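# Chains, contacts and geometry: an overview
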Amino acid sequence: MNCLIVDDSEEYIASATSLLSLQGLRVLGGAPDGATAHRLAADLRPDVALVDVELGPEDGPDVATRLLASGLVAHAILISIRDGDELADAAGLPFLRKDALDARAVEALVAAGRPTSGPASSSGADGALGGEQQMTEIADLADGTHSAHATGLTGSTYPTGLTGSTDLADLTRSTRSTRLADPARLAQPTDLVSSAHSVDPADPTRLAYLAALARSAAVLDSMSHGTDLAQPPIPATASAIPSEADAIRSPASGHVPPPPTAAPAAPPSIAQLQALTRIAAAVARGAEPQAVFAAIAVEASRLLAVEAVSLIRYDPDQRAVTKVSGTPHAQSRAPEGAAWPLDHCPEAARVLRTGGPARVDDWSVLTGPLAERHRDCGFGAAVAAPIMVDGEIWGLLAAYGRAEETLPAGCERDLAGFTDLMATAVASVQARVLAERQGALRRVATLVAEGAEPQAVFTAVAEQASRLLGVGAVSLIRCNPDRRTLTKIYGTHGSRSPVPDGSTWPLEQCPEAVLVLRTGGPARVDDWTDIPGPAAAGHRDQGFGQAVAAPIMVDGGVWGLLAAYGEADEVLAAGCERDLADFTDLVAIAIANVQVRDELRGLAERQGAALRRVATLVAQRAPSLVIFNSVAAEASRALGVPRVDIGRRHDDGRVGLLGSHGRTDPTQDDVFSLGGVLAAEAVAATGRAARIDDWSHLAGPEAAALAAEGYTSVAAAPIHVDGALWGVIAVLADQPLREDTATRLTDFTHLVAGSISNVHARDSLIASRARIVTAGDDTRRRIERNLHDGIQQRVVALSLSLRAVRMRYPLAPDVVADLDELAHDLDSVLEEIRVFSQGLHPALLSRSGLGPSLRDLTRRSPVPVELDVPGGRRFPEPVETAVYYLVSEALANAVKHAGASVVTVAVEADAHSVRAVVADDGVGGAVLGRGTGLTGLVDRAEALGGRFTLDSPAGRGTRVVIELPLAARSSGLAGTLDG
């Protein structure tokens with residue numbers, strides 16, 4: 001038989017493939033989703049598909065149903081970490097728990113063709129053991145009797161030592177209590193136990209085999225005495241002898257880790273195997289770890305006939321031991337969950353030192369609080385044996401006799417034989433816990449991978465922790481060590497929580513958090529009776545009792561903690577704080593990813609907003625000074641630095657200031673900071689961001705100037721335009737900058753480089769236009785001077801000469817009339833030249849300013865003009881020229897095209913700009929582009945960093961506005977940017 005595994009966990013696919021292959025079931029491949037599963041099934045044609053119920057965003061039962069409907073697989077089995085009765089809809093398909101996966105269970109489900117809440121029994125309704133697929137096989141012998149063998153799933157066959165007649169075959173095919181008519185025909189039950197040594201310790205079904213072997217031994221033992229097989233008294237967490245299929249489902253990861261290689265000193269007794277049967281049943285039913293541990297302690301107590309037995313867990317990192325469970329008795333050395341250093345526990349110290357069983361007979365010479373408690377409770381000799389899991393000491397089982405009794409010699413070896421068997425059960429429990437923990441982590445990781453909101457991920461973390469620990473109240477808490485405060489992010493106990501979600505409270509009022517931050521590890525608070533503060537009072541009032549907490553470490557620091565709270569009458573499992581810590585270690589990566597993603601999302605949003613604000617200013621053609629000041633302000637806000645300078649670096653090393661934020665000295669508004677200049681030199685030398693924190697190499701005036709600035713840490717990043725170094729952004733602080741400042745500044749520079757490049761291109765265009773306009777104005781002046789000093793003067797001279805001729809010679813009247821007409825023509829030519837010269841560049845404008853020149857212009861207009869212009873104030877020559885030509889062109893259009901009856905001209909100015917408005921009441925309909933006059937005015941206005949607007953609706957007149965800046969920087973900035 002072969003199969004296809006459909007699961008979104010690569011790790012589970014690999015583990016399951018390894019296990020099933022060892023057990024003889026061929027795995028053709030693994031698929032992470034439904035589409036891949038259909039493709040592989042079409043290519044490979046597997047007999048059966050094992051489909052994960054929680055298949056990421058897909059529905060596992062739906063994928064399995066579609067695979068069956070397509071005919072690509074003959075059988076489909078659903079798998080999940082949960083029990084079958086927890087599933088809302090299994091689509092009527094067979095079901096197998098992930099932690100109980102093995103080849104025999106798969107084959108049994110395929111053969112039975114029916115669903116079950118766990119691995120199906122290989123037998124019929126009775127759970128019988130017969131058939132080729134069963135662990136216990138019955139072989140016919142030549143003499144008519146039968147021989148029973150047990151077969152491990154790896155294919156190894158082990159003799160059971162059982163022989164007998166047909167009655168034996170009937171017996172081994174039944175799990176019910178049976179009485180034989182002639183027990184003497186059976187082998188002695190003691191012959192059976194020797195076969196346990198023949199089991200390969202590395203066989204992944206060792207627990208299942210030993211349990212089945214124990215069942216056979218128990219049945220034989222009861223029948224050899226002619227009695228019914230009675231269930232021995234067992235703890236509430238144990239059960240009757242399991243069927244073989246129940247035993248098979250016990251390993252949490254599909255197999256049991258190998259026990260220690262050293263064999264016990266003696267073969268396991270029937271009593272030990274019977275105890276193992278009951279423990280295996282508890283494991284198979286999925287009993288809670290604490291219940292399994294309690295059952296192990298009770299079974300050890302029964303085997304050794306000792307009242308006090310403790311199951312102790314060893315923590316190699318802390319070199320400490322914790323009491324996990326123990327038998328109930330009047331007095332105990334320590335409560336469950338108590339932890340103490342290894343050297344305070346002599347029996348544990350000896351077990352850890354030797355790696356084998358140990359015995360402590362004389363406690364009178366031992367010191368320490370635990371030894372004193374041991375004597376005070378009336379205990380005497382103690383024996384202990386290690387529990388080996390995955391080749392390492394997981395913990396130990398210790399038994400304590402009363403002071404007046406003597407433990408039998410060699411009982412520590414008996415205990416070691418028992419712990420050797422129990423190690424398999426402990427490993428199964430641990431593997432199941434790990435599988436559940438990984439399943440919880442997978443659900444959290446799936447949310448992270450899907451890009452869920454942080455709150456959804458945090459909620460899932462708390463809920464999964466609640467499920468893992470089996471407690472209803474779990475809180476995810478964020479720490480702020482600097483402010484010594486805590487913030488409750490989410491709690492699973494809702495309104496019962498003494499601290500509502502989202503609340504912040506002092507660290508001192510949360511004892512579990514205080515312990516976590518003090519130790520950096522998990523913590524436990526058992527008694528809340530005398531703890532002060534409103535949070536503790538609310539804890540008691542709401543009926544909560546014990547609490548455990550574990551830190552969530554992100555980037556080497558305590559990001560927060562996960563805390564679980566039991567009910568007032570509930571005892572939290574011993575060591576559950578370590579289980580919680582293991583879970584927080586796993587989810588810390590998910591939380592770190594969420595935090596990084598959230599920070600990146602916030603950073604992207606802030607950077608996007610900053611870029612939009614800068615881009616808006618660029619699109620609105622704001623002055624370059626405004627844009628660069630805005631870029632500096634955005635950099636200051638994004639990087640959290642007090643001052644930012646943006647400068648244009650020239651070829652000679654000078655840095656011209658373009659914009660700044662955070663300056664405190666108004667007298668230095670036009671000067672790039674000295675620290676920024678020095679950092680810019682380093683940038684120019686390397687082409688990369690630079691940082692300077694050490695100024696000890698400076699001396700003299702530079703050192704004094706730097707000290708006067710008051711900045712001790714400077715970083716600068718290059719601004720590249722068209723692939724070349726164009727300028728720098730420098731950040732300055734009076735405290736050491738963050739380590740990543742240079743990197744973050746470089747990222748910010750890359751972000752705004754496009755806007756800066758656009759500003760540079762725009763200002764370069766403006767500078768080009770300004771040069772063209774200036775050249776045009778210079779040409780107009782030159783022509784005007786040439787006309788005034790050349791042609792105009794010659795015409796005047798010619799007119800004077802004509803008058804002289806007339807006066808010098810007596811002429812006939814008709815000649816005088818002709819000369820007078822000629823003189824009149826010369827005067828007309830002279831006036832036309834004067835008017836033409838005035839249009840090129842009015843001399844009155846250069847001589848007297850905007851007010852007189854506009855009044856002269858409007859006086860000559862054939863259309864009445866209402867003029868409002870400030871008198872006496874002079875403006876920069878380019879501004880006066882632009883306003884004059886605007887009014888001149890608007891008046892000409894009103895006369896020629898508008899049919900206006902009146903024109904209004906208004907000029908107003910403040911400290912920063914001049915605004916001129918020309919409006920008429922004509923026909924309107926004027927548009928840019930039909931002639932060169934208005935277009936030339938647009939170029940002139942933009943060349944000066946100003947704006948030109950035209951509003952001319954048809955039939956409603958025309959309104960022309962020009963706005964020009966007066967700031968000295970606006971006229972010279974283009975040269976700064978371009979130079």
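If you're wondering where the values come from, they're calculated on a predicted model, not measured in any experiment.

## Points about the sheet that holds strand S30 (residues 913-920)
The sheet built from five strands is open, its strands ordered S28-S29-S30-S32-S31 with mixed pairing. At either end of the open sheet lies a strand with only one pairing partner, and these are strand S28 (865-868) and strand S31 (947-951). Ignoring strand direction, the axes of neighbouring strands in this sheet form an average angle of 10°. Pairing of S30 with strand S32 (residues 958-965) involves eight bridges; the strand directions are antiparallel.

## Thoughts on the UniProt feature "modified residue: 4-aspartylphosphate" (unreviewed entry) in the protein
Per the UniProt record, "modified residue: 4-aspartylphosphate" (unreviewed entry) is found at Asp-52. Not counting the four nearest positions on each side in its chain, Asp-52 is found in contact with Val-6, Asp-7, Asp-8, Gly-60, Ile-79, Ser-80, Lys-98 and Arg-442.

## Quick notes on the nonpolar core
By size, the foremost hydrophobic cluster in this structure holds 40 residues, and its most contacted members are Ile-279, Val-292, Ile-296, Ile-387 and Leu-397. At the level of secondary structure, the elements contributing two or more residues to this core comprise helix H9 (270-284), helix H10 (289-304), strand S11 (308-315), strand S15 (379-389), strand S16 (392-402) and helix H13 (411-449). Ranked by the residues each element gives to this core, the list is headed by H13, at 12 residues. Residue contacts for Val-292: discarding those within four places in its chain leaves Ile-279, Ala-282, Val-283, Ala-287 and Val-429.

## As for the layout of surface pockets
One number sums up the size of the second largest pocket: a volume of about 890 Å³. What lines the second largest pocket is a set of 41 residues, among which Glu-288, Pro-289, Glu-436, Leu-468 and Leu-469 lie closest to the centre. Where the lining of the second largest pocket is concerned, the elements lending two or more residues are H10, H13, helix H14 (454-469) and helix H17 (576-619). Counting residues per element, the lining of the second largest pocket draws most heavily on H13, at eight residues. Among the residues forming the lining of the second largest pocket, the class breakdown is 20 nonpolar, five polar and 16 charged.

## Observations concerning helix H25 (residues 877-898)
With 22 residues, H25 extends 30 Å from end C-alpha to end C-alpha; this agrees with the ideal 32 Å at 1.5 Å per step. Two residues or fewer past H25, Gly-899 is found with a positive phi of approximately 65°.

## Focus: the sheet that holds strand S13 (residues 339-341)
With antiparallel pairing, the six strands of this open sheet are ordered in space as S13-S12-S11-S16-S15-S14. Edge strands, defined here as strands with exactly one partner in the open sheet, are S13 and strand S14 (358-360). Between one strand and the next, the sheet's axes are offset by a mean angle of 25°, whatever the strand orientation. Note that S11 and S16 share six bridges and pair antiparallel. From the neighbouring strand, Val-309 faces S16, where its bridge partner is Ala-399.

## Focus: a negative patch on the surface
A surface patch of negative charge is lined by Asp-814, Asp-818, Glu-821, Asp-825 and Asp-827. Turning to its location among the elements, Asp-825 is positioned in helix H22 (residues 813-840). Among the residues examined, Asp-825 registers a relative accessible area of 39% and is labelled partly exposed.

## Examining the pairing of strand S1 (residues 2-6)
Moving residue by residue along a regular strand, the side chains alternate between the two faces of the sheet. With five of five residues buried, S1 lies mostly within the body of the structure. Going residue by residue along S1, you find Asn-2, Leu-4 and Val-6 tucked away on one face and Cys-3 and Ile-5 tucked away on the opposite face as well. Two elements, S1 and strand S2 (residues 26-31), share five bridges in a ladder whose sense is parallel. Counterpart to Cys-3 in the pairing with S2 is Val-27.

## As for the packing of aromatic side chains
Within this structure, the stated rule accounts for six aromatic pairs. Ring geometry for Tyr-884 against Tyr-885: centres 5.9 Å apart, planes inclined by 70°, an arrangement best described as edge-to-face. On the basis of relative accessibility, which here comes to 3%, the residue Tyr-884 falls in the buried class. Residue Tyr-885 is classed as buried on the basis of its relative accessible area, which comes to 10%. When the ring centre of Tyr-12 is taken as reference, the NZ or CZ atom of Lys-98 above it lies at 4.5 Å. Here the basic side chain of Arg-402 rests over the ring of Phe-379, its NZ or CZ set 5.2 Å away from the ring centre.

What counts, and at which threshold
Residues numbered from 1 in each chain as written. Predicted model: local features only at pLDDT ≥ 70, side-chain atom pairs only at ≥ 80, totals over all residues. Heavy atoms only, no water. Pairing = 2+ DSSP bridges. Helix = DSSP H or I, 4+ residues; strand = E, 2+ residues; numbered from the N terminus. Axes fitted to C-alpha atoms, helices over the stretch in contact; angles between N-to-C directions. UniProt positions renumbered as here; feature names shortened; annotations may be inferred. Contact = heavy atoms within 4.5 Å. Core = buried A, V, L, I, M, F, W, Y, C linked by side-chain atoms within 4.5 Å. Buried < 20%, exposed > 50% of the residue type's maximum accessible area, 1.4 Å probe, protein only. 1 Å grid on protein atoms, 1.4 Å probe; cavity = no way out; pocket = protein on both sides within 12 Å on 5 of 7 lines; lining within 4 Å. Points joined across faces, edges and corners; volume = space filled by probe spheres on them. Nonpolar A, V, L, I, M, F, W, Y, C, P; charged D, E, K, R; others polar. Expected span 1.5 Å × (residues − 1). Patch = residues over 30% accessible without salt bridge, like charges linked within 9 Å, V, L, I, M, F, W, Y side chains within 5 Å. Areas by Shrake-Rupley, 256 points an atom, 1.4 Å probe, with all protein chains shown as cover. Salt bridge = Lys/Arg side-chain N within 4 Å of Asp/Glu carboxyl O. Lys, Arg positive; Asp, Glu negative; His and termini not counted. Charge placed at Lys NZ, Arg CZ, Asp CG, Glu CD. Phe/Tyr/Trp six-rings, centres within 6.5 Å; stacked < 30°, edge-to-face > 60°. Lys NZ or Arg CZ within 6 Å of the ring centre and 35° of its normal.

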